[in-house]
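Here are the chains, one letter per residue:
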Amino acid sequence: MLGKRVMCVDDSPIMLAKLKQLIESLGYEVCATVQSGHDALRLYPELIPDVVTLDITMMGLDGIETAKQLLAQHPDARIVMVTSHGQQNMVVKALKAGAKGYVMKPIDAAKLSEHLARALELGKVYE
């Protein structure tokens with residue numbers, strides 16, 4: 001996966017630092033870490049990352065709405081939700097919004113690796 005670029009979106013600076021370190025340890029390049037859905041929407045066209053990780057719960061624009069807007073503007077965007085929400089209805093909402101994967105916090109490196117890799121495969125949805 002060397003050379004694949006990831007944008008990480010989470011409102012927690014601590015979580016962003018951990019996520020960046022983990023993603024880079026998996027062989028990806030983290031091209032941006034941003035703390036809001038608005039920043040993600042603004043930066044995406046400049047950076048065109050291969051994958052975007054999104055937290056669901058964020059101030060302002062939440063991850064599900066960010067995913068909807070991002071995919072409306074950039075239908076080829078690939079999104080993996082990385083969140084503490086484990087409720088079935090949130091999983092369904094995220095996948096309906098267009099997420100290609102869903103990884104729970106605390107993050108399991110193998111699970112994250114699997115979902116990032118699968119998100120890059122033809123945009124298929126995996127649980």
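To start, this report covers the structure provided alongside it. (Residues numbered from 1 in each chain as written. Predicted model: local features only at pLDDT ≥ 70, side-chain atom pairs only at ≥ 80, totals over all residues. Heavy atoms only, no water.)

Here we come to the overall build of the protein. Secondary structure summary: the protein contains 5 helices and 5 strands in total. Reading the protein from its N terminus to its C terminus gives the helix and strand order β-α-β-α-β-α-β-α-β-α. In terms of overall size, the protein behaves like a compact globule, its C-alpha atoms giving a radius of gyration of 13 Å where 127 residues would be expected to give roughly 14 Å. For the protein, the spread of C-alpha atoms along the principal axes amounts to about 30 × 30 × 30 Å. In the protein, which comprises 127 residues, the share counted as buried stands at 48%. Within the protein, residue pairs in contact and separated by at least 24 positions form 62% of the contacts whose partners lie at least 6 positions apart. When the accessible surface of the protein is totalled, it reaches about 6,300 Å², and 53% of it is carbon and sulfur. Across the protein, the mean location of the 14 positive side-chain charges is 4 Å away from that of the 15 negative side-chain charges. (Helix = DSSP H or I, 4+ residues; strand = E, 2+ residues; numbered from the N terminus. Rg over C-alpha atoms; globule rule 2.2 N^0.38 Å. Buried < 20%, exposed > 50% of the residue type's maximum accessible area, 1.4 Å probe, protein only. Contact = heavy atoms within 4.5 Å. Areas by Shrake-Rupley, 256 points an atom, 1.4 Å probe, with all protein chains shown as cover. Lys, Arg positive; Asp, Glu negative; His and termini not counted. Charge placed at Lys NZ, Arg CZ, Asp CG, Glu CD.)

Across the sheet, which stays open at both edges, the 5 strands sit in the order β2-β1-β3-β4-β5 with parallel pairing between neighbours. The open sheet has two free edges, formed respectively by β2 (29–34) and β5 (101–104), since each of these has just one partner strand. Looking at each pair of strands side by side, their axes are set apart by 20° on average, direction ignored. Looking at chain direction, strand β3 (residues 51–54) and strand β4 (residues 79–83) are connected through 3 bridges and run parallel. Paired with T53 across the two strands is V80, which belongs to β4. Against the sheet, helix α1 (residues 13–25) engages β1 (5–9), β2, β3 and β4, with an angle of about 170° to β2. (Pairing = 2+ DSSP bridges. Axes fitted to C-alpha atoms, helices over the stretch in contact; angles between N-to-C directions.)

What follows covers helix α2 (residues 37–47). If you check which residues of α2 are buried, you get G37, A40, L41, L43 and Y44. In this structure, the buried residues of α2 make contact with β1, β2, β3 and α3 (63–73). Count one or two residues on from α2 and you reach I48, which has phi positive near 40°.

Positionally, I79 belongs in strand β4. Judged by its relative accessible area of 0%, I79 falls in the buried class.

Right, let's talk about the side chain of T83 for a bit. One can find T83 in strand β4. Discounting chain neighbours no more than four positions away, the residues touching T83 are D55, I56, Y102, V103, M104 and K105.

When the sulfur atoms of two cysteines share a covalent bond, that bond is a disulfide. Tallied over the full model, the rule gives 0 disulfides. For the unlinked cysteine C8, the closest cysteine sulfur is that of C31, found at 8.1 Å. Residue C8 is classed as buried on the basis of its relative accessible area, which comes to 0%. (Disulfide = S-S within 2.5 Å.)

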